[in-house]
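An overview of the molecular structure
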Amino acid sequence: MSATAHSVVEPSRTTKRVAGAIVILYALVSMMPLVWIFMTSFKSPPDSISYPPRLVFTPTLEGYCNLFTTRTRQTPEYIKALGEPATTCDAITRSRNMVIAGPSNYWPRFQNSMVIAFGSTFLAVLLGTLAAYGFSRFRVPLADDLLFFILSTRMMPPIAVAIPIYLMYRELGLSDTALGMVLLYTAVNVSLAVWLLKGFMDEIPREYEEAAMIDGYTRLQAFWKVVLPQATTGIAATAIFCLIFAWNEYAFAVLLTSGEAQTAPPFIPTIIGEGGMDWPAVGAGTTIFLVPILVFTVLLRKQLLRGITFGAVRK
Amino acid sequence: MQELRSGKPTVTDANASILDRAANAAARATPEPMVKSVRGLSDWAVGWIFIAPTIILLLAINIFPLIWAIRLSFTNYRANRPNAEVVNVGLDNYRRILGDSDIWIAMQTTAHFVFWTILLQTLIGFTLAWLIDRRFRSHAFWTTIILIPMMLSPAIVGNFWRFLYQPQIGLFNYVVSFLTGVDPSSFEMLGSVRLAPWSIIIVDTWMWTPYVMLICLAGLRSIPDYIYEAAEVDRASNWRQFWSITLPMALPFIMLAVLFRGIENFKMFDMVNLLTGGGPGSTTEVASITLKREAFEKWRTGYSSAFAIILFVAVFGLANIYVKALNRVKSR
């Protein structure tokens, strides 16, 4: 089977075809839920719950309108008296005998997600870069134990951590604040950042810095001007991993935030419509929330393996 | 392989024993001092200045609360009654947890979930990795597509699978009925006691099979071609090559994936919380859900702290036992 013209280990053409067909089939099937939720976001509420499930439908922006607004029911006479609708969303809402009452909480929650994710990523990468450099270049006493300690903090069950954090934040007035969440996510992410970045820094030959320091650079200058530029790829990859974690995190967010600092993951499941779930709005909220992750996955595909194994597998 | 330098198995060492490259990197954790001193500061001190902020943050956000939780676990403290008198109850909480049948049922539910998800993910993940390693055309593109589910937020995934699992209108029921002819409104994945545990296993497998696949793929790619070439010269059958070369050489990677997934699924919370919330009844109430109910619904803070500590110790126990097994496989 493996005896082909090119190499004894090159799979035969048939093997390749069959393998390709199975893998592509798996990929397509595993994409179905995502495609479905994306399609649902463009359905009208009746279409979204029709039986049998509808593959062909008239796309509408109703889900997106409902996601971003709150609406109140009005009499047809009242709506008629309003005159021409100003926006597409106005028109869609009025066709359902409703008027837009105001913005929904989705956008503020989305903003919270961004602030908390970017803030904690920045801090985690900053601290992680320093610590990784320290571990990579200096003889730190108990380095292995410290590294294990840093990793172990990430293994704790989040709910177990959340109990004392909840009490501590209540004492400190950090409950339901963006600062509290940033600090918490930084602490969770810094372990990943240290491990990944140490791996990246270990790969930068120390001779570069030695040469720079012989040329008169101080240790800090060598770090800043020689090591950091070399580590840019690693730092960027690490940052994206931290960003994804903070973006996706739910357990801490649902237990420690309720209003002001609530992020999108605990908010999206609470989207409901009149008399049941508003699935198109949920679909819209999910789609908007997932798009950045899809972009990052494509950007990260080469570093993914390293990130998910804390740098254990590098390839 | 110079593993377990300190004699005690840690995850640090597990990772190191996976790849010689990683082991070497770990060995360089205590490198030669490059320069003896920097502007009067010893190398030792400069190193600490770099590391200290991280350690301080972790002490403040992880270790201090952990110690607090340990202290609370010996009391009857309730977070919703901050002014009530706190009585020291000694080991009572721990004793009650170990005798609590609900806790044991939750542990069984967790074990069922962990066992089946890992089994399915390893089988499917390894098969996929092996197929992708046949290097068919456009395999890189399809690999990236397959990886997408594991990057998503487990909470969001749980939430939209709730939609797919709706009886009658849901896509899942529809597809099942399309393939098998069963009436789509005749079964409820989330509402039935029999099916609910499988509904969370299916979603977890959908989401995390790519993870196992990716690590297995790295394992398969780490096997050098010349070994297969030698086997070919010796006229070893494909079947024989798979069992004596491919599988043993990829095994440390498979076990690494199993370790990571095992620990993650042991603490599984978000996806299950949104999909079933532990229900119906408590059929899908995995350990983290029980913990959340005790801590944030019943507000038995002392009791739940004790449970949290037990879970925490269990995660580390599992990891350590596993690492020992991993090293045994490696040294074979």
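Here the structure is a predicted model, which is why all the values come from computation and not from measurement. Per chain, residues are indexed from 1 in the order of the written sequence. By the order in which they are written, chains take letters starting at A while ligands take numbers starting at 1. Reporting in this predicted model follows two pLDDT cut-offs: at least 70 for local features of residues, and 80 or more for side-chain atom pairs to be given and counted; totals over whole chains, interfaces and linings ignore these cut-offs and use all residues.

Some points on the overall build of chain A
- A tally of regular secondary structure across chain A gives 16 helices and two strands.
- Two things to know: the radius of gyration comes from C-alpha atoms, and the globule rule equals 2.2 Å times the number of residues to the power 0.38. The C-alpha atoms of chain A give 26 Å as radius of gyration, which overshoots the globular expectation for 315 residues (20 Å, by more than 25%).
- Taken along the three principal axes of its C-alpha coordinates, chain A extends 85 × 70 × 40 Å.
- A burial count over chain A gives 49% of its 315 residues as buried.
- The contact rule is simple: place each C-beta atom from the backbone, and if two of them lie within 7 Å, those residues are in contact. Summarising the internal contacts of chain A: among those between residues at least 6 apart in sequence, 73% fall at separations of at least 24. Secondary structure counts use DSSP, requiring at least four H or I residues in a row for a helix and at least two E residues in a row for a strand, with both numbered from the N terminus. Put plainly, a residue is buried at 20 or more neighbouring C-beta atoms within 10 Å of its own, exposed at 12 or fewer, and partly exposed in between, counting only other residues' C-beta atoms, which are placed from the backbone.

Things to note about the overall build of chain B
- Within chain B one finds 14 helices and two strands.
- Burial analysis of chain B (332 residues in total) assigns 45% to the buried set.
- Here the contacts in chain B between residues at least 6 apart in sequence split such that 68% fall between residues at least 24 apart.

Let's talk about the interface of chain B and chain A
- In this assembly, 96 residues from chain B lie in contact with 95 residues from chain A.
- Per-element accounting of the side of chain B that touches chain A gives the leading share, 16 residues, to helix α3 (residues 43-72) of chain B.
- Here the residues of the side of chain B that touches chain A sort into 64 nonpolar, 18 polar and 14 charged. Each residue is assigned to one class: nonpolar for Ala, Val, Leu, Ile, Met, Phe, Trp, Tyr, Cys and Pro, charged for Asp, Glu, Lys and Arg, and polar for all the others, Gly among them.

Brief notes about the environment of T309(A)
- Here T309(A) shows up in the segment after α16 (304-308).
- Judged by local crowding, T309(A) falls into the buried class, with 25 C-beta atoms found within 10 Å.
- Through-space distance from the C-alpha of T309(A) to that of L55(A) is 39 Å; in sequence the pair is 254 residues apart.
- In this view, T309(A) contacts I215(B) and L256(B); residues no more than four positions away in its chain are not counted.

Quick notes on helix α13 (residues 287-296) of chain B
- Burial runs high along α13(B): eight of the ten residues are buried.
- Listed as buried for α13(B) are A287(B), S288(B), I289(B), T290(B), L291(B), K292(B), E294(B) and A295(B).

Side note on the packing of helix α5 (residues 101-132) of chain B against helix α9 (residues 196-221) of chain B
Residues and elements named next belong to chain B.
- Two elements in contact, α5 and α9, have axes separated by 6 Å at closest approach and are oriented at 40°. In this view, α5 runs oblique relative to α9, as classed from their interaxial angle. Remark: the crossing between α5 and α9 carries right-handed chirality.
- In terms of residue class, the contact of α5 with α9 is made up of 18 nonpolar, seven polar and one charged. In this analysis an axis means a line fitted to C-alpha atoms, helices contributing only their contacting stretch, and an angle means the value between N-to-C directions, from 0 to 180 degrees. Each angle receives one of four descriptions, namely roughly parallel if under 35 degrees, roughly antiparallel if over 145, roughly perpendicular if within 65 to 115, and oblique otherwise. Rotating anticlockwise by less than a right angle from the far helix to the near helix defines a left-handed crossing, while the corresponding clockwise rotation defines a right-handed one.

Some details on helix α9 (residues 178-202) of chain A
Residue and element names in this part refer to chain A.
- How far a helix is expected to stretch is found by multiplying one less than its residue total by 1.5 Å. For α9, built from 25 residues, the straight-helix expectation of 36 Å at 1.5 Å per residue is met to within 8% by its first-to-last C-alpha distance of 34 Å.
- Its axis deflected by about 35° at N189, α9 carries its strongest bend there.
- Counting buried positions over the 25 residues of α9 gives 23, a clear majority of the element. Fitting one axis to the seven residues ending at a residue and another to the seven starting there, the bend at that residue is the angle between the two axes.

With respect to the environment of R139(A)
- You can see R139(A) is positioned in the loop between α6 (106-137) and α7 (143-155).
- Judged by the 15 C-beta atoms lying within 10 Å of it, R139(A) falls in the partly exposed class.

Details of the nonpolar core
- By size, the foremost hydrophobic cluster in this structure holds 174 residues, and its most contacted members are C242(A), L214(B), I215(B) and C216(B).
- In contact with L214(B), other than residues within four places in its own chain, are L304(A), L305(A), I308(A) and L147(B). Only buried Ala, Val, Leu, Ile, Met, Phe, Trp, Tyr and Cys residues enter a nonpolar core, and they are joined through C-beta atoms within 7 Å.

Here we look at the environment of I200(B)
Residue and element names in this part refer to chain B.
- In this fold, I200 is placed in helix α9.
- On the basis of neighbour count, I200 is assigned to the buried category, with 27 C-beta atoms found within 10 Å.
- With 51 residues separating them in the primary sequence, I200 and L251 have C-alpha atoms 27 Å apart.
- Contact partners of I200, with chain neighbours within four places excluded, come to F113, M271, V272, L275, T276 and T284.

Let's talk about the confidence of the model for chain B
Residues and elements named next belong to chain B.
- Confidence scores per residue from the predictor, reported as pLDDT, run from 0 to 100. Of all residues in chain B, 84% attain a pLDDT of 70 or more, and the chain-wide mean is 82.
- Highest mean pLDDT in chain B belongs to α5 (94); lowest belongs to helix α1 (residues 11-18) (40).
- Considering only residues more than four positions removed or in separate chains, one finds that residues 1-38, a stretch of pLDDT under 50, has 75 contacts.

Quick word on the packing of helix α8 (residues 158-172) of chain A against α13(B)
- It is at 9 Å that the axes of α8(A) and α13(B) come closest, and there the two elements cross at 20°. Overall, the two elements α8(A) and α13(B) adopt an arrangement that is roughly parallel. The handedness of the crossing between α8(A) and α13(B) is left-handed. Here α8(A) contributes I159(A), A160(A) and I163(A) to the contact with α13(B), which in turn contributes S288(B), L291(B), K292(B) and A295(B).
- The residue makeup of the contact of α8(A) with α13(B), split by class, is five nonpolar, one polar and one charged.

Thoughts on the confidence of the model for chain A
- Residues of chain A with pLDDT of at least 70 account for 96%, and the chain-wide mean is 86.
- Low pLDDT, under 50, characterises residues 1-6 of chain A; the predicted model gives this stretch twelve contacts beyond four residues in sequence or across chains.

Focus: unusual backbone geometry
- That bond from Y51(A) to P52(A) is cis: its omega, 0°, falls within 30 degrees of zero.
- Tracing the chain through its elements places P52(A) in the loop between α2 (45-48) and α3 (62-68).
- For S138(B), which is not glycine, the phi dihedral falls at a positive 65°.
- The backbone of R235(B) shows a phi angle near 60°, a positive value even though the residue is not glycine.
- Relative to the assigned elements, R235(B) resides in the loop between α10 (225-233) and α11 (238-266).

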